[in-house]
Each structure stands twice: as structure tokens, then as C-alpha cells.
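# Working through the structure, step by step
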Amino acid sequence: LGKRQSLTANLVGTHINTHAFNSFEELEPYRYDVKGKMWSLMGETIYENRLRPFTLSLGTHFSVKRTQNNYSGDVNSLNELRNRGIYLFGELKGRLWSKLAYVAGLGVSNQWYRQQDARYSFWLFRPKATVTYTFSNMWNLAYTFELSQHISKIAMISDTRIKQNSLEWMAGNPDIKPNGVFTHQLRLAFTKSPVTASLNAEYRNHYRPNMEHWSRSADNQFFYTQRNQGSIKMYFVQSNISCDLIPEKLLVSGSADAYHFVNCGDDYLHHYTSFLESASVQAFLGHFTLSGYADSGWCWMEGEKRVCQGAAVYLGGTYRVGNCNIGLFWQHPFQNNPKMSITKQLDRIVHKEISVYSRNLGNMVTL
């Protein structure tokens, strides 16, 4: 719309058909079918005006969705969910002076859904701001605050109960609602050839989120469901550094991260601290590119589950021919059956561990 104004719009329609069959033979057969259909329409428009001394943006995002899951067999249930959402926002972007830049915005969103007799309408004001101060052409510091939303998974909104094994059931809860997420982030960056480095600190707080809850029946059946409970908080610090040891020929990178999780449910409190280290190297040798990557495995905790991914090593190489690349990729070298993850359930009435190994990914070579 002229030299200073623009209008961007898009619209997406989707239809998905699914059919799943589930069965297990523990003690006695348990089998069920799920036939699912989903229709959705999503769109957005963004207007931008490059004024002086700032740029003004106004936008809207909307979605309409209908989901129908029909369970048959040992699970007999029909779930029909209708939900719609809208998000309106305005944003200003500019500089107060040469070294201080800012982005400030305010939005409001609404999520509405209906399933049989259950329904909710969730409104949330969503401010967002970023301030960046440039000390020199090498150093800059940025602070970001945002209030966003987290939407419940459809599977947990339904009132269907599904048997997981001879002792455990998963039960949906139509009364769970979305929640707000507060995020504060501080980032310090350094750039001076051949080194690029950054230090990020972030605090994230899910207030009254969907958190797991276990109950036990008189005949020793255990039921997993979700409820809106206290809070999930995450504190983490991430440090990254990369260096062109040989400009445009050899790039070395590394990172070290620390995470702390606090899960505060109605009847439990869990703290957990984890660390993640990683390193990578890339060599650019004309038409050849060689790469290597290794990490110690990321661990996190949500609700009453603690998950640790296995350590990983990847090696690769590509050869460029014109506009085409031919690559060879080697995962988990010299490991026949690497551990991919271990999950620990820490509820006071349910304690278990699940380890996942993968022979397929051990010594796996991809061309």
C-alpha cells in the first residue's frame, strides 16, 4: 500500500481423516478402534505502517476447528469438540536513540470450546516488550517480557477413559482450561571475528496449568488425568560460543546449559536440576563439508514425570555437485542398541521407570 504501508493476509483450510487400531494382550485382550475427522480454518492479517520514528503493526489471527473422534471396541465413546480462537494485537517498533531499540506490543486472545455439556471461554491480555541496548559494535544486551497462552491437548479434554495396561487408565477431563505463561528473558551477545558468543537467562512460569494427577480405586486400578493446578516454573541459563578457527574453513561451536524445574501441584512439589553440554565442528573443504556433533542428553521435569534423553553423537559429510548435495550421515556410531530416553514416574502412589532403546538408530547410516 505505497512505500510505507503493507497488508499481509493468509487463509488455510485443513481436513484430516485418521483411523487407528490399538490392542494389547496383557492378562486379557484389550482392543479398540479410533476413527477421527478434523476440519479447521485459520487466517491472519497484519497491517504495517513505517512511520517516523517508529513502525506501527496491527494484526488479527483467528481459527475455527471441529474434531470428531469415534471410539469402538473395548472403548466406546464419541467425542465431538468445537473450538475457536481469536488474537488481536498492536505493536510499536523503533529506537529511542542510536543505541536503544524497542518493540512494545499489546494483544488480547480468546479461546472458546464446547464438548457435549462442557464449555469454556478463556480471555487473556498479552503484553510483550523487548528492549535492546547496544554498548558497542561488539556487545549488546536485550530484555524480553511476554505473557502468552498454553492450550490444552484435545486428547485430555475429552471424557474418554482408555486402558493403558492391566493396572493403569488414562482419563480425560473436560473441565481443564488453557493457562497463561509468563516469560522473562535476558540475553547478552558478543561478536568479534572470529568469535561469536551469547549468554541467555530465562524464567518461565505456567500459572494454573494442566498438571497430572493420579488416583487409585478400591480394586487397585490407577487413573491418570490432568487438572488445573498450582504452577510449573523453569529457570535456565544457556551459554553458546562459536569460533572460526580457520575463516570459512573450520567452525567450532560449544554450549553449556543449566536448568531448574519447580512443579507445584495440589498435592505434590518436585524440584529438579539438570545440565546439558554439546559441541560441534564443521569443516568446509571445497565441494566437501564434514561435520560432527555430540551432546550429553537433555533432561527435564514436568508434573511428576522426569525424562532424560540419551547422549548422542552424529557424524556426517556432504558433497556438492552443482545445485545438488549428496550426503552420508552416521548416528550413534559404535553403539548397537543406544538408550534413547528414560522416564521416571514420581507420584507417591505410582512409581515406575520406562527405558527406551533403539537398535534401528544404533550405527545407523543414512545416504
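Residues numbered from 1 in each chain as written. Predicted model: local features only at pLDDT ≥ 70, side-chain atom pairs only at ≥ 80, totals over all residues. Heavy atoms only, no water.

## Description of the overall build of the protein
- Scanning the protein for helices and strands turns up one helix and 24 strands.
- With respect to the three principal axes, the spread of C-alpha positions in the protein is 70 × 55 × 45 Å.
- Across the 367 residues of the protein, 35% fall into the buried class.
- Taking contacts inside the protein between residues at least 6 apart in sequence as the whole, the part at least 24 apart equals 54%.
- For the protein, the accessible area works out to roughly 21800 Å², and carbon and sulfur atoms hold 58% of it. (Helix = DSSP H or I, 4+ residues; strand = E, 2+ residues; numbered from the N terminus. Buried < 20%, exposed > 50% of the residue type's maximum accessible area, 1.4 Å probe, protein only. Contact = heavy atoms within 4.5 Å. Areas by Shrake-Rupley, 256 points an atom, 1.4 Å probe, with all protein chains shown as cover.)

## Let's talk about the state of the cysteines
- A full pass over the atoms with the stated rule returns one disulfide.
- Each sulfur of the disulfide joining Cys299 and Cys308 lies 2.3 Å from the other. Linking Cys299 and Cys308, the disulfide has an S-S dihedral of approximately 120 degrees and is accordingly described as right-handed.
- Accessibility expressed as a relative area gives 19% for Cys308, which makes it buried. (Disulfide = S-S within 2.5 Å.)

## Examining the sheet that holds strand β8 (residues 161-163)
- Read across the open sheet, the four strands follow the order β8-β9-β13-β12; overall the sheet is mixed. Each edge of the sheet is formed by a strand with only one pairing partner; in this case those strands are β8 and β12 (210-216). Between one strand and the next, the sheet's axes are offset by a mean angle of 30 degrees, whatever the strand orientation.
- Summarising the sheet, β12 and strand β13 (residues 222-228) pair through seven bridges and their orientation is antiparallel. Residue pairing in the sheet places His213 in a bridge with Thr225 of β13. (Pairing = 2+ DSSP bridges. Axes fitted to C-alpha atoms, helices over the stretch in contact; angles between N-to-C directions.)

## Describing the environment of Asn210
- Locating Asn210 in the fold gives a position in strand β12.
- Along the sequence, Asn210 and Asn49 sit 161 residues apart, while their C-alpha atoms lie 39 Å from each other.
- Every residue in contact with Asn210, bar those within four places of it in the chain, is listed here: Ser152, Ile176, Lys177, Asn179, Gln226, Arg227 and Asn228.
- A polar side-chain atom of Asn210 sits 3.0 Å from the main-chain carbonyl oxygen of Lys177. (Polar contact = N/O pair within 3.5 Å; in protein donor to acceptor, adjacent residues only side chain to side chain.)

## Some words on the layout of surface pockets
- If you add up the space inside the largest pocket, you get close to 930 Å³.
- Looking at the largest pocket, it is lined by 36 residues, and the ones nearest its centre are Lys153, Tyr224, Gln226, Glu302 and Gly303.
- Element by element, the count of residues in the lining of the largest pocket is highest for β12, at four residues.
- When the residues that make up the lining of the largest pocket are grouped by side-chain class, the tally is 17 nonpolar, 10 polar and nine charged.
- Size it by volume and the second largest pocket reaches roughly 360 Å³.
- Tyr32, Val34, Tyr71, Ile162 and Met170 are, among the 24 residues lining the second largest pocket, the residues nearest its centre.
- Counting residues per element, the ones that place at least two in the lining of the second largest pocket are β1 (5-24), β2 (30-50), β3 (54-73), β4 (77-97), α1 (154-157) and β8. (1 Å grid on protein atoms, 1.4 Å probe; cavity = no way out; pocket = protein on both sides within 12 Å on 5 of 7 lines; lining within 4 Å. Points joined across faces, edges and corners; volume = space filled by probe spheres on them. Nonpolar A, V, L, I, M, F, W, Y, C, P; charged D, E, K, R; others polar.)

## Some points on the side chain of Ser109
- As for its placement among the helices and strands, Ser109 is situated in strand β5 (residues 100-115).
- Within the local environment of Ser109, its side chain forms a polar contact with the side chain of Gln149, the two groups lying 3.2 Å apart.
- Once residues lying within four places of it in the same chain are set aside, the contact partners of Ser109 are Ile86, Tyr87, Phe122, Trp123, Leu124, Arg126 and Gln149.

## Examining a nonpolar patch on the surface
- On the surface, Leu285, Phe288, Leu290, Tyr319, Val321, Ile326, Leu328, Val365 and Leu367 cluster together into a nonpolar patch covering about 890 Å² of accessible area.
- For the nonpolar patch, the secondary structure elements donating two or more residues are β17 (288-295), β20 (312-321) and β21 (324-331).
- Assignment of secondary structure puts Val365 in strand β24 (residues 364-366). (Patch = residues over 30% accessible without salt bridge, like charges linked within 9 Å, V, L, I, M, F, W, Y side chains within 5 Å. Salt bridge = Lys/Arg side-chain N within 4 Å of Asp/Glu carboxyl O.)

## A closer look at the sheet that holds strand β22 (residues 339-346)
- The sheet built from four strands is open, its strands ordered β18-β19-β22-β23 with antiparallel pairing. Only two strands of the sheet have a single partner each, and these edge strands are β18 (299-302) and β23 (351-357). Recorded for the sheet is a direction-independent mean angle of 15 degrees between the axes of neighbouring strands.

## Re the nonpolar core
- Counting residues in each nonpolar core, the largest one holds 14 residues, and the members touching the most others are Tyr113, Ile157 and Trp214.
- Secondary structure elements with two or more residues in this core: β6 (118-134), α1 and β13.
- For this core, the element with the most residues is β6, which contributes four residues.
- With 10 residues, the next largest nonpolar core counts Met234, Tyr259, Met301 and Ile342 among its residues. (Core = buried A, V, L, I, M, F, W, Y, C linked by side-chain atoms within 4.5 Å.)

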